[in-house]
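Structure at a glance
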Amino acid sequence: MGGMNPRQMKKLMRQMGIRMEELEGVKEVIIRLENKEIVIKEPVVTVITAQGEKSYQIIGPEEVRPIISISEDDIKLVMEQAGVDYETAKKALEEAEGDLAEAIIKLTEG
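Everything in this summary refers to the structure shown in the same document. Numbers given to residues run from 1 along each chain, matching the order in which its sequence is written. Local features in this predicted model are restricted to residues of pLDDT 70 or higher, and side-chain atom pairs are both shown and tallied only at a pLDDT of 80 or more, whereas totals for entire chains, interfaces and linings draw on every residue. With hydrogens and water stripped out, all remaining heavy atoms of the structure feed into the side-chain values.

It is worth spelling out the nonpolar core at this point. Counting residues in hydrophobic clusters, the biggest one holds eight residues: I75, V78, A89, A92, L93, A96, A103 and I104. Among the secondary structure elements, those contributing two or more residues to this core are α2 (72-82), α3 (86-95) and α4 (100-109). In terms of residues, this core owes the most to one element, α3, which gives three residues. Ignoring any residue separated from it by four or fewer positions in sequence, one finds V78 in contact with G83, V84, A89, L93, L100, A103, I104 and L107. Remark: nonpolar core denotes a set of buried residues (Ala, Val, Leu, Ile, Met, Phe, Trp, Tyr, Cys) joined through side-chain atoms within 4.5 Å. Here's how the labels work: a residue is buried when its accessible area is under 20% of the maximum for its type, exposed when over 50%, partly exposed in between, all with a 1.4 Å probe on protein chains only. By definition, any uninterrupted DSSP run of H or I lasting at least four residues is a helix, any uninterrupted run of E lasting at least two residues is a strand, and each is numbered from the N terminus. Note on contacts: a residue pair is in contact if any heavy atoms of the two residues lie within 4.5 Å.

What counts as a salt bridge is simple: a side-chain nitrogen of Lys or Arg found within 4 Å of a carboxyl oxygen of Asp or Glu. Following the criterion strictly, the structure yields seven salt bridges and no others. Between R65 and E63 there is a salt bridge, with its nearest N and O atoms 3.2 Å apart. For R65, a relative accessible area of 28% gives the class partly exposed. Look at E63 and you get partly exposed, because its relative accessible area is 38%. A salt bridge links E95 to K91; the shortest N-O distance between them is 3.9 Å. On the criterion of helical spacing, the pair formed by E95 and K91 is a turn pair, its members being four residues apart in helix α3. The structure contains a network of salt bridges with shared partners spanning R32, E37, E63 and R65.

Lines are fitted to the C-alpha atoms to define the axes, a helix being fitted only along its stretch in contact, and any angle between axes, read from their N-to-C directions, falls within 0 to 180 degrees. As a packed pair, α2 and α3 sit with axes 9 Å apart at the nearest point and diverge in direction by 110 degrees. Considered as vectors, α2 and α3 are oriented roughly perpendicular to each other. Along this stretch, α2 crosses α3, giving a crossing that reads as right-handed. Here E72, D74, I75, V78 and M79 of α2 come into contact with α3, specifically with Y86, A89, K90 and L93. Side-chain classes follow a simple rule in which Ala, Val, Leu, Ile, Met, Phe, Trp, Tyr, Cys and Pro form the nonpolar group, Asp, Glu, Lys and Arg form the charged group, and the remainder, Gly included, forms the polar group. Residues of the contact of α2 with α3, tallied by class, amount to six nonpolar, no polar and three charged. Roughly parallel means an angle under 35 degrees; roughly antiparallel, over 145; roughly perpendicular, 65 to 115; everything else is oblique. When the near helix sits turned anticlockwise from the far one by under a right angle, the crossing is termed left-handed; a clockwise turn instead gives a right-handed crossing.

Right, let's get into α2. Given 3.6 residues to a turn, an α-helix orients residues that are three or four positions apart in the same direction. Inspection of α2 places I75, V78 and A82 among the buried residues, and these make up the whole buried set. For α2, the angular spread of the buried residues around the axis is 65 degrees, confining them to a single face. With respect to the buried face of α2, the exposed residues turned more than 90 degrees away are D73 and E80. Considering only its buried residues, α2 is in contact with α3 and α4. G83 sits one or two residues past α2 and shows a positive phi near 65 degrees. For this quantity, the arc is that covered by the directions from the helix axis to the C-beta atoms.

This is the structure:
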């Protein structure tokens, strides 16, 4: 199929019952794994339907973010030690990737 033009390719795919369409207006795609997220901003997403099953092809630059689990107890401890509110403590822990000591030091040295 190397020399086939796009029009012939589409016709052949239709005959085989395969449909391809681009999703419009996609802003980002997030793939969540156990310990990280893969974020693809402003991707080109193509939906391929064959034999009633849909497949998605995603093209675009990716950013990998770690998923950090922060407990309520950790947030409360940082609040008490640094004398800050809930949101400030939570944000500091997220920025410190869950490291209690680093979050407290950052808030108290501020």
